[in-house]
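Architecture and fold: a report
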Amino acid sequence: MKQKSQQAIAVRAKNKHNFKRSIPLLIMFLPVILYYAIFKFEPMIGLIMAFQNFSLKKGFFGSEFVGLTNFQYIFETPIMLQVIKNTLVLGILNFVITFPFPILMALFINEVRTMWFKKTVQTIVYLPHFLSWVIVGSMCFTIFSQESGVVNNILKAITGETYPFLYKPVSWTAIFVGSSIWKETGFAAIIYLAALGGIDPTLYEAASLDGCSRVKQMIHVSIPCIAPTIIINLILKAGSIATVGFDQVYNLKTDPVMDVADVISTWVYRVGLQQMQFGISTAMGLFNSLLSLILVFTVNAIARKYDKSLW
Amino acid sequence: MRNKKLFSIFAASAIMASTFLAGCGNQNETVSNNGTATENEQGQEEGNESGEKPKITVSIYDRGTLDPSEGTMDDNRWTKWINENAPVEVEFVSIPRWTSVEKFNALFASDSAPDLILNWGIPNNWVTDGLLMPLEDVINQYSTEYKAIMEEYPAMKKAGSVDGELYYFTALSALEPNHTLVIRTDWLEKLGLEVPKTEEEFYDVAVAFATQDPDGNGQDDTFGMSLSFVSGQMIDQMYGIQNDGFVVEDGKLVFGWDRYEACTKMKKALYDAGAVDKDYAADTSGEQSYQDFINGKLGMIGLNNGANVSMRTTYTQFKENNPDGEFEIIALPSTSIGQFGGCLGGGAAVCGAINANCENPEAVMKYIDWMNSTPDVYNTLIYGGEEYATKTEDGVWVPKDEEKSKKEVYGSDYTMPVCTLPIGHTISKYFDKNNELDAICLEYLDQATEAYCNEEYPYEQGYAEPRPALDSQLSVILTNTYSNAADGPIKTNLAKAIVGGSEYSVEQAIADSKKACEDGNGQKLVDFYTDWYEKNKDSLITDEERYAMFVKE
């Protein structure tokens, strides 16, 4: 008995000591907590606008509550459903098609043995990430335009006809996804390169002693070793399916393709910021976030089936 | 040793925390410092004789173009000049020009919007939300100058009213040309064509310009017309489409479907015939078409501010590239819908309102009256006054040192509430007829005035027409259906028809658009508009009132 209580006292004392010892760490942690409280959680109060007929004059607490009217309008209006559908189509295409590219690029760069070449390629491919969509957008317009675009010049030389790539839904979507690949692949590859760099070289040595070719080493050593990184990225990326980037769409859109290019973020910009309908645009934004949350959980649940889940 | 480490961690976090806090604190301090600084200066300059001036806050656009050595838009030589001369003490609040509405929204939400809100165009939502003060009583009680101008030009009151109640200040300026249709007369002559008077002639000229090699270089590298930005809008205007697409027909406010159909057919025909740059949809600012024009590759173009001071640049650049080229400003060709005057600038333009929380509307009114009391205020802020410019006998202010004026004279945004029509300011006052280039610009201004400021052409949609305030539901319906300013279904379908070749006809586009409007509950909006027009048509601006704002010889 006595021993036990003594043990308990010792544990308590140790806890107290631990707490004391970590006070400086906690103090250092404080700004992070504040950051999240002030910039991430406090703005969430604004979400009540989704259930209000929000008026700037009356504010959060004075505006009239309208229940689910805003959501009802969203799901009853064909154009809104079209916008949600566009978001999902573009988001899923972007996700599925762009996802393997950084992995492939990292694997290839990893195979390069000439150091200066490797470094140069790495630097060049991640540069586009730092260009804004305004620049990438006008580059796409220049490349695919009908009167003077490179692609159409070649096409005209061969077939004698030009094709309105920027005006047709299918080709526009291809340009949309392609521009994502061009811009983000190099940058996204960095994390895989880091993972590849961390693989124990003895694994490769063992594999090559067993007679593995370079290709087989890639398949049986590199890929399994970076699989956890791939899964984490997959789950994180799934969250961004429903949030098709505003900048990208806004800078690539042309009038004739708006029926496939109008997504939730551009709609919210138009109705929320330009028309000042904060209630309904918040409702749309909230729905968008819910969608993202569901997608993250779904992908994680699938990953769990293979024992690779994030949580 | 360990303690030392601990101490350094402490110190680091303390420093971080204090910088964070100081960051917040400093800002407040600067504000109050500024406040006292202005007060001190006031005290020194005014002495104690005039007593305390009432204090107001006024918004001012920040276009990000001010030379840093001049200070900031809320504190510089002209704000000081205003504070020295105005009967009130003004504290200016900077508003980014191109996101002004968003900024005002944020200020309203945090209860810190200025007393006098100045913006070109005020969203009706601010009225419905109760953020603005009704002006009728304020003007009747406190105003003299502004009230007098408003009584002389009834259009001001009508333009400033929302559903019959006066909320907005309007800046009255002469109704003068804005968009202009420009044509290469040397190309016309070369191909033996006449200035197009009808839509058929317009189409023929545009196609001829594109296909008959008017620049004579043996290459198929010219276009007849453009569809981007103002050029495209001028084709809309040929068919009587302006603003939001709603038009008055047989005394009723209806959506102009037939106009859109005719207009889109013309655009599609031009596109299919190769008379326009096919990449127009990527040229949203019209910059590409402007470059084509000054480089001698484009035969007709719609110019924004097309008879104003920017004509100096346009003409100079054009002549540099095409020494033998000639161009003229022409009237819009007549169409199956009628003959229209195009988009004009000026008139009674909504420019401001008073914050509902303003404590001293009398002082705000005094400030606006002061701005309108004498031409000196305007001339000083626009041209820098006699220190910077000399006035010719025609009343034109010529800068003494152009470079110096460019850098140090930037007061035009402070003059937003000034009514320039009563003080006789017109576009022509920017041009000195003794200057060769200015004399040419004056000629173009005359051409444009004759072509567009003409009482024979209907101006029912000449400039922003008053529209009713919409509640939130109707606003969303408008965005989702009839709104052609945003990327609504109508704009998309019509654009698809223009570029769609034989796959997608204009008739189909109109039918699809009508269906989209129906699905989006658009009928509710149309009914609301129709009803509103029926009730308010007598309080809208009449043609007579509009023509009163033309420049009188």
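Residues numbered from 1 in each chain as written. Chains lettered and ligands numbered in written order. Predicted model: local features only at pLDDT ≥ 70, side-chain atom pairs only at ≥ 80, totals over all residues. Heavy atoms only, no water.

Counting its regular elements, chain B contains 22 helices and 14 strands. In the structure as shown, chain B presents an accessible area of about 24,800 Å², 49% of it carried by carbon and sulfur atoms. (Helix = DSSP H or I, 4+ residues; strand = E, 2+ residues; numbered from the N terminus. Areas by Shrake-Rupley, 256 points an atom, 1.4 Å probe, with all protein chains shown as cover.)

From N to C terminus, chain A includes 15 helices and two strands. Its C-alpha atoms give chain A a radius of gyration of 26 Å, clearly above 19 Å, the size a compact globule of 311 residues would have. Among the 311 residues that make up chain A, the fraction classed as buried is 39%. Counted over contacts in chain A with a minimum sequence separation of 6, partners at least 24 positions apart contribute 64%. A total of about 17,800 Å² of accessible surface is found on chain A, and carbon and sulfur atoms cover 70% of it. (Rg over C-alpha atoms; globule rule 2.2 N^0.38 Å. Buried < 20%, exposed > 50% of the residue type's maximum accessible area, 1.4 Å probe, protein only. Contact = heavy atoms within 4.5 Å.)

Take Gln 52 of chain A: it is sitting in strand E1 (residues 52–53). Sequence-distant contacts of Gln 52 of chain A, defined by excluding residues within four places in its chain, comprise Phe 60, Ser 63, Glu 64, Phe 65, Val 66, Asn 70 and Gly 279 of chain A.

Residue and element names in this part refer to chain A. Domain annotation for chain A reports domain 1 (2–51) and domain 2 (68–305). Averaged C-alpha coordinates put domain 1 and domain 2 at centres separated by 37 Å. Carbon and sulfur atoms supply 78% of the area buried between domain 1 and domain 2, which totals about 510 Å² over both sides. The largest contributions to the domain 1 side of the interface with domain 2 come from Met 49, Ala 50 and Phe 51, which together make up 81% of the buried area. Counting across the interface, domain 1 meets domain 2 through zero salt bridges. Scanning the region where domain 1 abuts domain 2 turns up one residue pair in polar contact (both at pLDDT 80 or more). Split by residue class, the side of domain 1 that touches domain 2 holds four nonpolar, one polar and no charged. (Domains from an automatic or database assignment. Buried area = accessible area lost by both parts, 1.4 Å probe. Salt bridge = Lys/Arg side-chain N within 4 Å of Asp/Glu carboxyl O. Polar contact = N/O pair within 3.5 Å; in protein donor to acceptor, adjacent residues only side chain to side chain. Nonpolar A, V, L, I, M, F, W, Y, C, P; charged D, E, K, R; others polar.)

Counted under the stated rule, the structure contains 41 aromatic pairs over all chains. With a centroid separation of 5.7 Å and an interplanar angle of 65°, the aromatic rings of Phe 144 of chain A and Phe 165 of chain A are classed as edge-to-face. Taken together, the residues span a long stretch of sequence, with Phe 144 of chain A in helix H7 (residues 133–144) and Phe 165 of chain A in the loop between helix H8 (150–159) and helix H9 (169–197) at a distance of 21 residues. One aromatic cluster is present, formed by Phe 246, Phe 255, Trp 257, Tyr 260, Tyr 482 and Tyr 529 of chain B through successive ring pairs. Arg 97 of chain B extends its terminal NZ or CZ atom over the ring of Tyr 61 of chain B, reaching a point 4.3 Å from the ring centre. One cation-aromatic arrangement involves Lys 278 of chain B over Tyr 271 of chain B; the distance from NZ or CZ to the ring centre is 5.5 Å. (Phe/Tyr/Trp six-rings, centres within 6.5 Å; stacked < 30°, edge-to-face > 60°. Lys NZ or Arg CZ within 6 Å of the ring centre and 35° of its normal.)

Our next topic: the interface of chain B and chain A. Each partner contributes residues to the interface: chain B has 45 residues there, and chain A has 37 residues. For the pair chain B and chain A, the two sides together bury roughly 3,700 Å², of which 60% comes from carbon and sulfur. For the chain B face of the interface with chain A, the top three residues by lost area are Asp 279, Asn 480 and Asp 487 of chain B, together amounting to 16%. On inspection of chain B and its partner chain A, the count reaches three salt bridges. Note that Glu 503 of chain B is salt-bridged to Lys 168 of chain A, the shortest N-O span being 3.3 Å. Across the side of chain B that touches chain A, the residue classes tally to 23 nonpolar, 11 polar and 11 charged.

Residues and elements named next belong to chain B. An order of E10-E7-E11 is seen for the three strands of this open sheet, with the pairing classed as antiparallel. Of all strands in the sheet, those with a lone pairing partner are strand E10 (300–303) and strand E11 (327–330), marking the two edges. Recorded for the sheet is a direction-independent mean angle of 30° between the axes of neighbouring strands. Of the strand pairs in this sheet, strand E7 (residues 180–184) and E11 are connected by four bridges, and their pairing is antiparallel. Each residue of the ladder has a partner; that of Val 182, found in E11, is Ile 329. Together, E7 and E11 form the strand contacts of helix H17 (residues 436–452), whose direction differs from that of E11 by roughly 30°. (Pairing = 2+ DSSP bridges. Axes fitted to C-alpha atoms, helices over the stretch in contact; angles between N-to-C directions.)

This next bit is on the nonpolar core. Formed by 181 residues in total, the largest nonpolar core has its most connected members in Phe 169, Tyr 367 and Tyr 482 of chain B. For Tyr 482 of chain B, the contacting residues outside a window of four places in its chain are Asp 244, Phe 246, Phe 255, Trp 257, Ile 477, Ile 490, Cys 517, Gly 522, Leu 525 and Val 526 of chain B. Of all hydrophobic cores here, the second largest spans 23 residues; its members include Met 49 of chain A together with Leu 107, Val 350 and Ala 353 of chain B. (Core = buried A, V, L, I, M, F, W, Y, C linked by side-chain atoms within 4.5 Å.)

Here we come to helix H3 (residues 69–76) of chain A. Regarding H3 of chain A, the residues found buried are Asn 70, Phe 71, Tyr 73 and Ile 74 of chain A. For H3 of chain A, the buried positions fall inside an angular range of 160° around the axis, keeping them on one side. Elements that come into contact with the buried residues of H3 of chain A comprise E1, helix H4 (78–98) and helix H15 (278–305) of chain A together with helix H18 (472–480) of chain B. (Arc of directions from axis to C-beta.)

It is worth spelling out the confidence of the model for chain B at this point. All names here are of chain B. Counting all residues, the mean pLDDT for chain B is 85, and 89% of those residues have values of 70 or more. The low-confidence segment residues 1–49 (pLDDT under 50) makes 20 contacts with residues lying over four places distant or belonging to another chain. Here the prediction assigns the complex a pTM of 0.82, and the interface score ipTM is 0.82. (pLDDT = per-residue confidence, 0-100.)

Before going further, it helps to spend a moment on a negative patch on the surface. Residues Glu 194, Glu 200, Glu 201 and Asp 204 of chain B make up a contiguous surface patch of negative charge. Relative to the helices and strands, Glu 201 of chain B is located in helix H9 (residues 199–211). (Patch = residues over 30% accessible without salt bridge, like charges linked within 9 Å, V, L, I, M, F, W, Y side chains within 5 Å. Lys, Arg positive; Asp, Glu negative; His and termini not counted. Charge placed at Lys NZ, Arg CZ, Asp CG, Glu CD.)

All names here are of chain B. Applying the stated criterion to the full structure yields 25 salt bridges over all chains. In this structure, the salt-bridge partner of Asp 221 is Lys 297, at a minimum N-O distance of 3.1 Å. Of the two residues, Asp 221 sits in the loop between H9 and helix H10 (229–238) while Lys 297 sits in the loop between helix H12 (287–294) and E10, which places them 76 residues apart along the sequence. According to the relative accessible area criterion, Asp 221 is partly exposed, its value standing at 23%. Lys 535 is the partner of Asp 531 in a salt bridge, and the nearest nitrogen-oxygen pair spans 3.1 Å. One end of the pair, Asp 531, and the other, Lys 535, are both in helix H21 (residues 522–536), four residues apart, so they sit about a helical turn from each other. It is possible to trace a salt-bridge network through shared partners that takes in Glu 70, Arg 77 and Glu 408.

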